[in-house]
Number of protein chains: 2
Amino acid sequence: MRIALDAMGGDHAPEVTVAGAIEAVSEYDFDVVLVGDRDILADSLRDKKYPSGRISVYHASEVVAMDDQASVAIRKKKDSSVRKAIELVKEGSADAAVSAGHSGVTMATALFVLGKLPNVDRPAIATKMPSLEGFFILLDAGANVDCKPENLKQFSLMGSAYAETVYGVNNPRVGLLSIGEEDTKGNELTKEAFKLIKTLDINFTGNIEGKDIFYGGADVVVCDGFIGNIVLKVAEGLAESIIKMLKREVARAATGRIGYLMLKPAIKGFRKQTDYTEHGGAPLLGINGICLISHGRSTSKAIKNALRTASEMAQCRVHEAVARSLDLKNKSHKNG
Amino acid sequence: MRIALDAMGGDHAPEVTVAGAIEAVSEYDFDVVLVGDRDILADSLRDKKYPSGRISVYHASEVVAMDDQASVAIRKKKDSSVRKAIELVKEGSADAAVSAGHSGVTMATALFVLGKLPNVDRPAIATKMPSLEGFFILLDAGANVDCKPENLKQFSLMGSAYAETVYGVNNPRVGLLSIGEEDTKGNELTKEAFKLIKTLDINFTGNIEGKDIFYGGADVVVCDGFIGNIVLKVAEGLAESIIKMLKREVARAATGRIGYLMLKPAIKGFRKQTDYTEHGGAPLLGINGICLISHGRSTSKAIKNALRTASEMAQCRVHEAVARSLDLKNKSHKNG
């Protein structure tokens, strides 16, 4: 098993990417190919300790900048680190690619190099989020800001197959994020999508409201990428703010300092549940290969975990499972 | 000052509406008109203690049911409690109306009876939400599920005037909820709205991301009603889930039970900040009068606070302030 890492992508590359790769090969049983400028990477690796032969460097002369346009980056930066990392997957030299760089460019490059699965119009980012019952998969978390009902239908199929294949959820409950449980509630997009999704051979449980997603009301929550990204960021910001507010309240309470000390382990445990660095990256579902997108602010721990998540997805060949599911469900849909 | 309360609206009406009215007149300096079936309300008021003459009953023979359609309710239930309450505002017999009933019907009725302010195409629900710096106003929180850029522009103007008039925020910072700070980020709707809003004579600070709204990044956060309602519900659900997760973590920690006891006052203080019952209701901005929408599950405390909030809005004649602002800004926009 070999994972290609865009070593030049992310706010703190290549320091954290190289450190994350070293942590990953030290802890887990797969190899990492660092893709990027060979001199810079040789420098970063110098004097570092890691299992010999488990990290290799693959040269790429260019780097995508955060203000590059996706279309331009694809046309003009053919030797970028993210492009080369994904090409290694395409040619079979790596089982999956991970990038913490410009997510728009990563998506466009994955689409361009690996192509889409049959029956998919738009790939989606599938993010794992914590709930009181464990977790749920939110998709699309930001790949498509404007969607058609047909897109949401495909996200439902992909999300269901993904939850089942990668996380072993049996017959995943798929909910459509909306503003009321009744099928007449929603905006034009979700009302049309509802009609399409309910014809599918998946466990569609209808609309789900924002307040119920964290209570474990569905295993897969489907929405367009604009709303998905906002929900993701609202949850991230609110969780942090709530911890800050609680700390302030604890400090204010009579039991003050002691209360805070007692709260600390709880906050740590809670953070572990909600911390994006714990899984480290979200896959782009619907492309013909495995590519994970990591947070631009990823720490080495996030990179390590993204590499591990990528290896797990490569292990169960998630893209093939999603493709099979799309093929089957579409057939049963046409015949049914 | 006299507030009309739809005494038959809400999941637990008329018990909680009557109780809320009694709490309000006992605590604050305004009168309440209970609108609804006179016999039922006389029954509910019997043997209750409250300052005499501060609560009156106005008869309405019909009640809107939660499964009534807005358009049908307006045509067929002309003597409904919510309709009569709003008509009291129209004819000047009450300064504001409050309803915890079917929010769609309340909106449609307010629009039908009171009419829109000049230069407003669609009214919006403005909700106060807590942030680390105090609070922010989110609009639209659910009145319009599908919006045009022009609607978001008007929400910006109304929200700015509202924050300034009711909450005394000087030159409120208005942010457009989107998925990136750059003005090129967003979906079709927000990108077009951005262009319109930036021409206005308000303190528009550009796009704001979901993670920044709870950090106090803006005083007014503008979005369409579908997203606004989802953000509201996500925040409500997540805040409750986080408290549950934290309690679980505290119970798990070595300091267990003592930690929980120490955490309790903090959670109580925190809940007070985030509890919707503290303000009790959200105004419908853009209509020619004052009408507040309360949660269907309102407790008597929520009703009491909604009545108080309504009286505060009537005190500063918020609809007139919003109208003046819309008029001024539109003029300066046309001349500018």
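## Notes on the overall build of chain A
Next up, step 1: Secondary structure assignment for chain A yields 11 helices and 12 strands.
Next up, step 2: Of all 336 residues assigned to chain A, the portion counted as buried reaches 58%.
Next up, step 3: Restricting to contacts in chain A with at least 6 residues of sequence separation, those with at least 24 account for 72%.

## Digging into the side chain of A:Gln154
All names here are of chain A.
Next up, step 1: Here glutamine 154 shows up in helix α6 (residues 149-167).
Next up, step 2: Take glutamine 154: its relative accessible area is 3%, and that puts it in the buried class.
Next up, step 3: Among the polar contacts made by the side chain of glutamine 154, one reaches the main-chain amide nitrogen of aspartate 121 at a distance of 2.8 Å.
Next up, step 4: With residues up to four places along the chain from it excluded, the contact list for glutamine 154 reads Asn119, Val120, Asp121 and Arg122.

## As for the side chain of A:Arg54
All names here are of chain A.
Next up, step 1: Examined against the element boundaries, arginine 54 turns out to sit in the loop between α2 (38-45) and β3 (55-59).
Next up, step 2: One polar contact links arginine 54 to aspartate 31, side chain to side chain, over a distance of 2.8 Å.
Next up, step 3: In this structure, arginine 54 is in contact with Val25, Tyr28, Asp29, Phe30, Asp31 and Val32, ignoring residues within four places of it in sequence.

## Remarks on the packing of aromatic side chains
Between two aromatic rings, the relevant description is the distance of the centres plus the angle of the planes.
Next up, step 1: This structure, assessed with the given rule, holds 10 aromatic pairs over all chains.
Next up, step 2: Ring plane angle 55° and centroid distance 5.1 Å describe the contact between B:Phe135 and B:Tyr167, whose orientation is recorded as tilted. One end of the pair, B:Phe135, is in strand β7 (residues 134-139); the other, B:Tyr167, is in helix α6 (residues 149-167), and 32 residues separate them in sequence.
Next up, step 3: Classification of B:Tyr167 as partly exposed rests on a relative accessible area of 24%.
Next up, step 4: Between B:Phe194 and B:Phe204, the ring centres sit 5.1 Å apart and the planes meet at 70°, which makes this aromatic pair edge-to-face. A residue pair is termed long-range when its members are at least 10 positions apart, and B:Phe194 in helix α7 (residues 188-197) and B:Phe204 in strand β9 (residues 203-209) qualify at 10 residues.
Next up, step 5: These aromatic residues form a ring-pair network of at least three members: A:Phe135, A:Tyr162 and A:Tyr167.
Next up, step 6: Lying across the ring of A:Phe135, A:Lys128 places its NZ or CZ 4.8 Å from the centre.

## Section: the domain arrangement of chain A
Residue and element names in this part refer to chain A.
Next up, step 1: Split into domains, chain A comes out as domain 1 (1-119 + 286-316) and domain 2 (121-283).
Next up, step 2: Averaged C-alpha coordinates put domain 1 and domain 2 at centres separated by 26 Å.
Next up, step 3: Residue-level contacts link 22 residues of domain 1 with 21 residues of domain 2.
Next up, step 4: A salt bridge links glutamate 236 to arginine 297; its shortest N-O distance comes to 3.0 Å.
Next up, step 5: For the pair domain 1 and domain 2, the number of links is 5 residue pairs in polar contact (both at pLDDT 80 or more).
Next up, step 6: Elements supplying a minimum of two residues to the side of domain 1 that touches domain 2: α5 (103-114), β12 (291-293) and α10 (300-315).
Next up, step 7: In terms of residue count, α10 provides more of the side of domain 1 that touches domain 2 than any other element does, 7 residues in total.
Next up, step 8: Classifying every residue of the side of domain 1 that touches domain 2 gives 10 nonpolar, 8 polar and 4 charged.

## Re the packing of helix α1 (residues 15-27) of chain A against α10(A)
Residue and element names in this part refer to chain A.
Next up, step 1: Taken N-terminus to C-terminus, the directions of α1 and α10 make an angle of 50°; their axes are 7 Å apart at the nearest point. It follows from the interaxial angle that α1 and α10 lie oblique. Helix-helix and strand crossings are classified by hand; for α1 and α10 the assignment is right-handed. Contacts between α1 and α10 involve Val16, Thr17, Ala19, Gly20, Ala21, Glu23, Ala24 and Glu27 on the former and, on the latter, Ser300, Lys301, Ile303, Lys304 and Leu307.
Next up, step 2: Among the residues forming the contact of α1 with α10, the class breakdown is 6 nonpolar, 3 polar and 4 charged.

## Some details on α1(A)
One full turn of an α-helix is made of 3.6 residues, so residues set three or four places apart face in the same direction.
Residues and elements named next belong to chain A.
Next up, step 1: End to end, α1 covers 18 Å across 13 residues, agreeing with the expected 18 Å (1.5 Å per residue, within 8%).
Next up, step 2: Taken residue by residue, α1 has Val16, Thr17, Val18, Gly20, Ala21, Ile22, Ala24 and Val25 as its buried positions.
Next up, step 3: Where α1 is buried, its residues touch β1 (2-6), β2 (31-36), α2, β3 and α10.

## Let's talk about the sheet that holds β9(B)
All names here are of chain B.
Next up, step 1: Spatial ordering of the open sheet is given by β6-β7-β10-β8-β9, a layout of 5 strands whose pairing is mixed. Two strands bound the open sheet, and with one partner strand each, they are β6 (127-131) and β9. Neighbouring strand axes in the sheet, compared pairwise and without regard to direction, differ in orientation by 30° on average.
Next up, step 2: As paired elements, strand β8 (residues 173-178) and strand β10 (residues 220-222) share 3 bridges and run parallel to each other. Within the sheet, the bridge partner assigned to valine 174 lies in β10 and is valine 220.
Next up, step 3: Strands in contact with α7 are β8 and β9; relative to β8, the strand with the most contacts, it is inclined by about 165°.

## Description of unusual backbone geometry
All names here are of chain A.
Next up, step 1: Following leucine 139, the chain continues into aspartate 140 via a peptide bond in cis, with omega recorded as 5°.
Next up, step 2: You can see aspartate 140 is positioned in the loop between β7 (134-139) and α6.
Next up, step 3: You will see that asparagine 171, though not glycine, has its phi angle at about 50°, which is positive.
Next up, step 4: Turning to its location among the elements, asparagine 171 is positioned in the loop between α6 and β8 (173-178).

Quick notes on the rules
- Residues numbered from 1 in each chain as written.
- Chains lettered and ligands numbered in written order.
- Predicted model: local features only at pLDDT ≥ 70, side-chain atom pairs only at ≥ 80, totals over all residues.
- Heavy atoms only, no water.
- Helix = DSSP H or I, 4+ residues; strand = E, 2+ residues; numbered from the N terminus.
- Buried < 20%, exposed > 50% of the residue type's maximum accessible area, 1.4 Å probe, protein only.
- Contact = heavy atoms within 4.5 Å.
- Polar contact = N/O pair within 3.5 Å; in protein donor to acceptor, adjacent residues only side chain to side chain.
- Phe/Tyr/Trp six-rings, centres within 6.5 Å; stacked < 30°, edge-to-face > 60°.
- Lys NZ or Arg CZ within 6 Å of the ring centre and 35° of its normal.
- Domains from an automatic or database assignment.
- Salt bridge = Lys/Arg side-chain N within 4 Å of Asp/Glu carboxyl O.
- Nonpolar A, V, L, I, M, F, W, Y, C, P; charged D, E, K, R; others polar.
- Axes fitted to C-alpha atoms, helices over the stretch in contact; angles between N-to-C directions.
- Parallel < 35°, antiparallel > 145°, perpendicular 65-115°, else oblique.
- Left-handed = near helix turned anticlockwise from the far one by under 90°.
- Expected span 1.5 Å × (residues − 1).
- Pairing = 2+ DSSP bridges.

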